[in-house]
Structure formats: C-alpha cells, structure tokens
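Geometric and topological summary
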Amino acid sequence: MSGEPRQLTDEANGTADSRPAPESPATPSTSTPPSPSSSGANSGADSSDGDYRVYNNFYGPQYHGRAHFGIATAAERSGRARATGLLEGDEIDALLRSYIRPDCFDDAARELSRTGVVVLTGPQGTGKRSGAVALLRETVGPSADYVVLSPDIGLDQLAERTFDAGVGYVVLDRTGTTGGAAGPSSDFDWRRVRDQLRRHRAHLVITTVHGVAGRPPEAVRHLPWRPPVLGKVVRARLVQARTAQETVDRAVAGIPPRCPIAVVADAAQRIAAGADPDQAWKEHSGSAPQAVQEWFGLEEERSLREIAEVTTLAFAPGIGRRAFESLQDLLERLLEPVYFTPEAAPASADGAAPDTTGQAATPDGQDPQQRRRARPVDRRRSLARNALITTEVQTFGATTREVMVFADTELRRWVLQALWRDHPTEYWDAVRHWLGAVVDADPDPVLQLSIASGLTLLGHIAFDEVVQSYLDPWARGESGEIGKTLAVYVLWYMCLEETQAAAALTLARTWAQSAHPTLRSTALFAFSGQLGVTFPTDAVKWIWAVLRSGVLDKREERELGLQAWAQLFLTLVDCQEDASIVLDALAHRIRKEQRIRSAAYSVTGLLVLETTLWVFTATERLSGRPAVARYVADRPKEADVVAELWAAILCYRPLRRNALSALLVTARGLPAVTSDPTAAAARLGHALAAALPQVEHSLLASELGRLAVSRPARAAGPDCVAILLGALNRVKDSHPR
C-alpha cells in the first residue's frame, strides 16, 4: 500500500466536493457481524463494493511508525487487557514490588481506616494507582480481594451499589461528575457513598486528576497525592534485584528532573535487568525534547515547507515518499494563507500591479517570483536537510520499501507539543481542513492508523481540540464511514494508554446517550472493540442501553446494536478475555422474564432472544467457525450458561430453525478448536439435557439428526453431533422447566 489517499490533487485544487453527505451506518450483507481481527492491529478497510466493513482491534501495546502506544510500565503488567474487575495477585505484586510510601501515605491510610473512603487527587505520573492499592493492602489486609470499578461511575451509583464485606474497591482516574461540584449537594452525595461503604464494611479509594473547586466536601477527604522520593524508589528496586552498589549510585544520580514515577519505575526495571544506567535514563529523558527545542528555537523562523514537513510526519509516519510528498503538498497549500498575508499596494501609473520583488515583470505578466514558484519543488532535498526526519527501509521478502519516519521514536510527541504551543488557531484550522480532506479522499488502512495514532498523541496535549475538531464531527458521520472508523480508532488507541482510557470511556458514553443516531452507532462500534475489552462491564451496559432504549426503530439501526453485542463477544473470545459477562447478562434477563411471565415474552424478552441468536451465529472471519464453539471448549464451566441460553431460543419457535442450525455448526466446529472435542460435545449435550424441558429432548434429537443428515460434514474427525445427541439421550433425570 502506498498510503496515498485518492483525489488528493482534486482536493487541493478545489475541484472535488470535500463535503460529502453524512452516510448511514453500513450494514453487513451477512446475517452475522464481522469478527475482530486477530491479536494485534491488522489493517482493515472498506470493501470496494461497500458490502462489508473490516475493523482493527488492538489487544495490547502497539508499535506503529516506531512510536509506542501502550502502558509505560508494561513490563510490570500481567498482560490483562481489561481495566476493571478483580485484581489478580500477580498484578498486585507487580504494582507493589519495592513500593516506597510517600509522605502523604500515613494520613491517607488513617482517613481510609476511619471513614472507609478517601479520594487521592493529583496530576498523572504521581503514583496514585499504586498508592491506592497500597492503601487498600494496608487497611483491609493482603489476603482480601481488590476490585477495580469503572472510572465513569457516578456518586449516585456508588451510593446505591451493594459492596461485599471485607473487600477493597478502587476507582482509578474517576471522570464521573455526578455530585462532583463542591457544595451542600456534593457533600450529601459523598456522605451517602461513605455511609453505604460503612454499612457493608467495605473500603474504597478513588483517584482523580481533578482537584476540588471551591469548598471541599466534609464527608470524604480529598487528599493531594505526592510521589515518593524518586531516589528511594530506584534504590529500593535495584537493591532488591541485588544490583552492584556502584550501579545503584549511578542510577540514583542520573534521575532526570521532573521525571514521572512510571518512567522511573520502568527505567529501574531495565537497569535491574542489566542495562547501563546512563543509557537507560538517556532513552527515557533522551535527546528528543532538546532536539525539538533547538529545531523550533532558532532565531530565524522555520519556513512554511519545514513546518509542513514535520506536521505531515506527525500525522502520517511510516508511509512512502510519494504519498508523503502528496500529503505535504496539500498541507502547504492550506497553510499559505497563514504564513503569507500580502499587503495591498497602490497600483502603478499604467494600472499594472506593482512589482514587489523589485524586478521587472515578464512579457507574459508573470514576475520572476511566480516563475520560480512554478518550477518543480525539490522537497526531497529539503527533507534531507531536516534534522528531525529520516528514512527507514522496510523489507518484505525480496522487495524493499523506503518510508518516512522521525529520527528518534520520541520526537513525534514532542513535535506535536511544540506545534500546539507555538502555532496559532489559524494554523490548526488549516491542519483540520487538511486532515478532513485526507479522510474524504479514502485513505488506506495504514494511513488511517497513522492519523489515529497522531491524534491520540495530540490528545495528551490538547484533548478538547481533538474531540471538538475531529472526534465529535467524525463520529456524527460528517466524513462518512472513514471518519467514523477513525474516531473509533482514536478511542481504541486511547484505551492502550493508562492515562487516557477513562477519557475514551466517558466520550463513548456521551455518544451512546446522544439523540443523534450516527453518534449512537459510532458508540456501538467503539464498545464492540478495544474499548469493550478494556471496560467490558461498561460496554455491556451501554450497548444494551442503546438497544433497549427504543431509539433503534429502523431495522438497519437495530441490527447495528445486535451486531455490536455479538461483535463484543467475538472480540473478548478472540483476545482470550472473559466473555462470560456478555452471556451472563443475557442469561440474567432471560431468567427474569421466565420468573415474571409464564406465557409470552415481553418486548425486552424477545430482544434478549434475538441478541442471543446473534451471539451464537457470529463466526470468526478467517476460520468461519462460531466463536461460541471456542468459548465452550476453552471454558468448560460455562457450558451450563451456554446451554441455558440455547434452550431458551430453541423453545421459542420463531427462532428454532436458526438456533438448530447454529447448534449444528457449533458442534461440528469443536474438533478445530480443542484437542478433546468428544468431551466438549458430551459436556454441551449433558448441559442441554438439563436445561431443556423433558418433552423437548426427543424433538431436538430428531430435528438435529435430520438436519445433520441433510448437511453432510466436510471435515473428517469425531462426529460431535452424534456425541452431543448421545449425551442428550442418556440423561434421564433432567429437571422439567
């Protein structure tokens, strides 16, 4: 792929319509939603005929254009992708290994023990996350369970939540604003939270970057959190690793000023593993900030072309020369009004325009300056002189490809920071129009990911600018399906950043709550991918809220919601996360329906059944196998819930035919996903026998047997359909419903 978007020339000349009408969400032509890509960020694009869409899902830290996306302390993480739920022991050990308490720790611990809840405030990089877990261990003990709640949770939800006694809870980077303002109502909300925790004998630590405006609430203390002494952190980690004393002293002496605690911990980890202290600190503090400062800080201002070079590379690293130069040319044309504002001058005696260059005009009316501008621009020579930019040769078998990259990995974020700091609104307006033109020109997937990662980095510096100028308009469909996809990619990239994941969740939630149908569909798309992996509970909550709200009246919109639910299940299964949350939510609602209704299902009940069928018929894109087959094989203990859901759709006659077909495909898919398909099929058969009424047993055996005969199996291997039916027939003591 060249990375060059189509129609760029027309966009630059103004001959193409750069304002397409908003498109409605595309609906896959198949009855099942598209499956997520395999682990990693694989390229995806719209099909040429528009009949399906392929999405990228990111299941871990990404390396794109030599820029790292992910958690800075990845070496200390256990690899869990989700940000909420029960903290595992190895995660706690990694967080608290060689933990050094800051001066404010004891005060916070006393407050947590006294009231059951405390709020830690302070900027990112001060160690609030590890501090929160350390406070819980100090208060509730090392053997207790620690549960991470959603950062988007409100005070009213906390006040009404049922907490488990003796459990420690933590909300990291809370963004909820309910009851967040100081004042009597805020204090009342906080008091309700405190009383609820006391009532259940639980403890809660909340961290946030937002300080208290005005009078702080009296019921719950908000304590400014300060990092520990960095030298003590480094020394403790290296001493524990039995590092030589001389190396420890060098490492402590080399700590850069104002270094975030996460960076210090990561560098100490590398030094403990054998890295040279000077090299470790150089890679973290590095020469990138100084190089960017020197490049932008020259007395002579940088030219339009030079600014266009670094701006283009900031949003499009890793593309070929031709594509890069096309993007740069378009940006230069849009930036010209910002850098050149010609002043009006009096006309000459003969009415001709004055020669501002001091040179005579040519007979054809063009001055020498215009003629020079008409000559081809040697951008490659200019790029070769740019100290921030270099090229990288990528090898693909026998072929090679030269791409444009920054000279240092860290330069990209520092360049964006310098551009935001030093350039006016008019410059950023031009950048917005430029990126809009690129998106309208249908960029290839590589360029889409480059733009999304660049906007993610810009979001660290100017989040409001990214949301208002790009994400909200694109999510509304103002740039069609490509714009919607890019908006979601940015949210997915944000989920890989510990400091931005909560903001991505809050933004997607506002889209899900919107009355705008395209915003809602974009939220569904976002929650069905990496955002749902990071915050699965929130994804289930908001996808179901959109589905159940009644706003998806049109069949196309309704199918988007059903597709999102099935896609979330596919994504969680594909990245080996706990997909039971999707099925448990459906099973809970079916049980509720069966308890209160003895005859017909309600509208909500029918929606649950239809959603269940979508989940069970969703297949992996590459293999074509149903995701539920892999789920049943990987999680034997969940066979009962799967069978309960299957029994519900089998007993509802309008869906029975499709449910039988899905069951047949699932049974035949077991040999490909497990080394013991016989046991998996028998387990599912026993579970179905227990879940189905007795009268349904013989009917299911007959119908599924006839269906299997009419659709002969292609692959060799154990006959899992016969094994499933055999297990079903052998069960005599099933409980009728």
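Quick look at the structure, then.

What counts and how
Per-chain numbering applies: the sequence of each chain, read as written, is numbered from 1 onward. At least 70 in pLDDT is required for a residue's local features to be given in this predicted model, at least 80 for side-chain atom pairs to be given and counted, and no such filter applies to totals for whole chains, interfaces and linings, which use all residues. Side-chain metrics in this entry use all non-hydrogen atoms of the structure; hydrogen atoms and water are not considered. Burial here depends on accessible area, computed with a 1.4 Å probe over protein chains only, as a share of the maximum for the residue type. Under 20% is buried, over 50% is exposed, and the range in between is partly exposed. Numbering of helices and strands runs from the N terminus, with a helix taken as a DSSP run of H or I at least four residues long and a strand as a DSSP run of E at least two residues long. Residue contacts follow a heavy-atom distance rule, with two residues in contact if any of their heavy atoms lie within 4.5 Å. A pair of strands is considered paired only if DSSP assigns at least 2 bridges between the two. Helix axes are fitted to C-alpha atoms over the stretch in contact, other axes to C-alpha atoms as well, and angles between N-to-C directions run from 0 to 180 degrees. With respect to orientation, any angle under 35 degrees is reported as roughly parallel, any angle over 145 as roughly antiparallel, any angle of 65 to 115 as roughly perpendicular, and every other angle as oblique. Left-handed describes a crossing whose near helix is turned anticlockwise from the far helix through less than a right angle; right-handed describes the clockwise counterpart. By the convention adopted, Pro, Cys, Tyr, Trp, Phe, Met, Ile, Leu, Val and Ala count as nonpolar, Lys, Arg, Asp and Glu as charged, and the other residues, Gly among them, as polar. Note on aromatic contacts: the rings of Phe and Tyr and the six-membered ring of Trp form a pair at centre separations within 6.5 Å, being stacked when their planes are under 30 degrees apart, edge-to-face when over 60 apart, and tilted otherwise. Salt bridge, as used here, is a side-chain nitrogen of Lys or Arg placed within 4 Å of a carboxyl oxygen of Asp or Glu.

Where burial is concerned, most of helix 22 (residues 517-527) is hidden: ten out of the eleven residues are buried. Every buried residue of helix 22 is accounted for by Thr518, Leu519, Arg520, Ser521, Thr522, Ala523, Leu524, Phe525, Ala526 and Phe527. Its buried side turned inward, helix 22 meets helix 19 (463-475), helix 20 (480-495), helix 21 (501-512), helix 23 (530-534), helix 24 (536-548) and helix 25 (555-574).

Pairing geometry for strand 9 (residues 389-396) and strand 10 (residues 399-406), over eight bridges, is antiparallel. Opposite Gln394, over in strand 10, you have Arg401 as the bridge partner. In this structure, the hairpin formed by strand 9 and strand 10 is closed by a connection of two residues, where Gly397 is found at a positive phi of approximately 65 degrees.

What follows deals with the environment of Glu478. Residue position: Glu478 is located in the loop between helix 19 and helix 20. The partly exposed category is assigned to Glu478, whose relative accessible area is 41%. With 40 residues separating them along the chain, Glu478 and Thr518 place their C-alpha atoms 9.6 Å apart.

A separate point is the packing of helix 12 (residues 304-315) against helix 13 (residues 321-339). Contact geometry of helix 12 with helix 13 gives a least axis separation of 9 Å together with a crossing angle of 130 degrees. Taken together, helix 12 and helix 13 sit at an angle that is classed as oblique. Handedness of the helix 12/helix 13 crossing: right-handed. Judged by residue contacts, Leu304, Arg305, Ile307, Ala308, Glu309, Thr311, Thr312 and Leu313 of helix 12 engage Phe324, Leu327, Gln328, Leu331, Glu332, Leu335, Glu336 and Tyr339 from helix 13. Here the residues of the contact of helix 12 with helix 13 are counted per class, giving nine nonpolar, three polar and four charged.

Given two aromatic rings, their pairing is described by the distance between the two centres and the angle made by the two planes. Summed over all chains, the structure comprises 13 aromatic pairs. Ring geometry for Trp544 and Trp565: centres 5.7 Å apart, planes at 70 degrees, overall edge-to-face. Of this pair, Trp544 sits in helix 24 while Trp565 sits in helix 25, and the two are 21 residues apart along the sequence. Between Phe616 and Trp646, the aromatic rings sit 4.2 Å apart at their centres with planes inclined by 25 degrees, giving stacked as the arrangement. Linking Phe616 in helix 27 (residues 603-617) with Trp646 in helix 29 (residues 639-651), this pair joins segments that are 30 residues apart in sequence.

This part covers the packing of helix 25 against helix 27. The contact between helix 25 and helix 27 brings their axes to 9 Å, and the two run at 55 degrees. Classified by the angle their axes make, helix 25 and helix 27 are oblique. In terms of crossing hand, the pair formed by helix 25 and helix 27 is right-handed. Facing helix 25, whose interface residues are Arg555, Arg558, Glu559, Leu562, Gln563, Trp565, Ala566 and Phe569, helix 27 presents Leu607, Glu610, Thr611, Trp614 and Val615. Class assignment of the residues belonging to the contact of helix 25 with helix 27 gives a composition of seven nonpolar, two polar and four charged.

If you trace the six strands from one edge of the open sheet to the other, you get 3-5-6-7-4-8, paired in mixed fashion. Strand pairing shows two members of the sheet lacking a second neighbour, strand 3 (85-86) and strand 8 (222-224), which therefore form its edges. Across four bridges, strand 5 (residues 146-149) lies against strand 6 (residues 168-171) in parallel orientation. Bridge assignment links Val147 to a residue of strand 6, and that residue is Tyr169.

Throughout the structure, instances matching the rule amount to 33 salt bridges. Glu610 is the partner of Arg558 in a salt bridge, and the nearest nitrogen-oxygen pair spans 2.8 Å. Of this pair, Arg558 sits in helix 25 while Glu610 is found in helix 27, placing the two residues 52 residues apart along the sequence. The class of Glu610 is buried, set by a relative accessible area of 15%. Here the salt bridges share partners, and the residues they tie into one network are Asp107, Arg110, Glu111, Arg114 and Arg221.

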